[in-house]
Amino acid sequence: MLKTGVLYRYKDFLPITPQTPLFSLGEGDTPLVKCDQLAQEIGCGELYLKLEGCNPTGSFKDRGMVVAVAKALEEKSQAIMCASTGNTSASAAAYAAYCNLTAMIVVPEGKIALGKLAQAIVYGAEILTIEGNFDQALQIVRELTDKHPVTLVNSLNPHRIEGQKTASFEIIDILGDAPDYLFIPVGNAGNITAYWKGFKEYYELGKASKRPEMMGFQAEGAAPIVHGHPIEKPETVATAIRIGNPASWQQASAARDESGGLIDMVSDAEILAAQKLLATRAGVFGEPASAASLAGLVKLSRQGWDLAKKTIVCVITGTGLKDTDTALKDAPPFLQLPANVKEIEKALGWG
Ligand SMILES: *Cc1c(COP(=O)(O)O)cnc(C)c1O
């Protein structure tokens, strides 16, 4: 067995027994990139980007999925099921394939990025699209997994949260302490719950001297926690956080309140601007939802927050390569030229 991956590396912190199979598709241990250019532009002390798009299926979902699937195997389950805005289904399908389980996924019709759907198809999942949104898909999956011998692998499954908390451990292991602030997108709110759990656990073990303020950001058209009530028809370009009634609502509010942080919202325009900023200043291509963290940081800095002496981590939750349609929507056309050095010199202003 390779001594890598979330299960092996953090087995002392996870609900692992001698009967739990240890395996890995290479999840976890993702880069923490320091970006001085962005820090300067935004006006914060030190800025780090946690690149969760570097996980095997391109999002942080793999950290939780590897634990959920290992426990499903331990419990002799033959099939896993989830509702998904895309990345959970990609991850479930990949880990199910690796472990010879059936993956059944329920996705909202037309509202999932093509790259994510392609993953689920290629990994061989059973895909059901419904005429409805994520919240309805999750309700259906909860009922089905209650009634039938299939393991639910949405973040309602506590093993998902356990796996995802390891990202906090990695941040502290690398920085030597917790940051002052953690900026993170909030959709179904499992990830902010998981990060907070991880930060608290490492703090209690003396591995960090403090705990960060948790700064969660929803999309304006899908901001139930900010408004204090479910949103019946959530809308946003950031499909991974297009969720109107988050499963971990209470835990996310607790993370906010216990840490002294906040949960606020950013508009689609702010999200797309942050996606571009991330790409052009840091060389990081994140999907729209993943840029909500940076959009939130930009928003607070514009509001006059003094971040000059703060160490900040923005979680970039997933890769932009799965949703190139959104990224290229307003891209200007590029020059088309004959295969001729002189013409190209002219176009470059060298002629
Ligand atoms: C799932 C997901 C989110 C939202 O995380 P929650 O745990 O649902 O709050 C954000 N960004 C990306 C890329 C995701 O895949």
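Residues numbered from 1 in each chain as written. Predicted model: local features only at pLDDT ≥ 70, side-chain atom pairs only at ≥ 80, totals over all residues. Heavy atoms only, no water.

A.B. asks: How would you explain the site of the ligand if you had to name every residue and give the values?
C.D. replies: The ligand sits among 15 residues. The nearest are Lys61, Asn87, Gly187, Asn188 and Thr317. One of the backbone N or O atoms of Ala189 is found 2.8 Å from an oxygen atom in the ligand. One nitrogen or oxygen atom from the main chain of Gly190 is found 3.2 Å from an oxygen atom belonging to the ligand. Starting from 380 Å² of accessible surface for the ligand in isolation, the protein chains cover 97%. Judged by its atoms lying within 2 Å of the grid points, the ligand is housed in the largest cavity. When the residues that make up the shell around the ligand are grouped by side-chain class, the tally is 6 nonpolar, 7 polar and 2 charged. (Near = heavy atom within 4 Å. Polar contact = N/O pair within 3.5 Å; in protein donor to acceptor, adjacent residues only side chain to side chain. Areas by Shrake-Rupley, 256 points an atom, 1.4 Å probe, with all protein chains shown as cover. 1 Å grid on protein atoms, 1.4 Å probe; cavity = no way out; pocket = protein on both sides within 12 Å on 5 of 7 lines; lining within 4 Å. Sits in = over half its atoms within 2 Å of the grid points. Nonpolar A, V, L, I, M, F, W, Y, C, P; charged D, E, K, R; others polar.)

A.B. asks: Describe unusual backbone geometry, naming the residues involved and giving the relevant values.
C.D. replies: Even without a glycine there, the phi angle at Lys76 is positive, about 65 degrees. Tracing the chain through its elements places Lys76 in the loop between helix H3 (61–74) and strand S3 (79–83). Residue Lys76 is classed as exposed on the basis of its relative accessible area of 66%. Positive phi values are uncommon outside glycine, yet Asn100 reaches one of about 60 degrees. Within the fold, Asn100 resides in the loop between helix H4 (87–98) and strand S4 (102–108). You can call Asn100 exposed: its relative accessible area is 70%. (Helix = DSSP H or I, 4+ residues; strand = E, 2+ residues; numbered from the N terminus. Buried < 20%, exposed > 50% of the residue type's maximum accessible area, 1.4 Å probe, protein only.)

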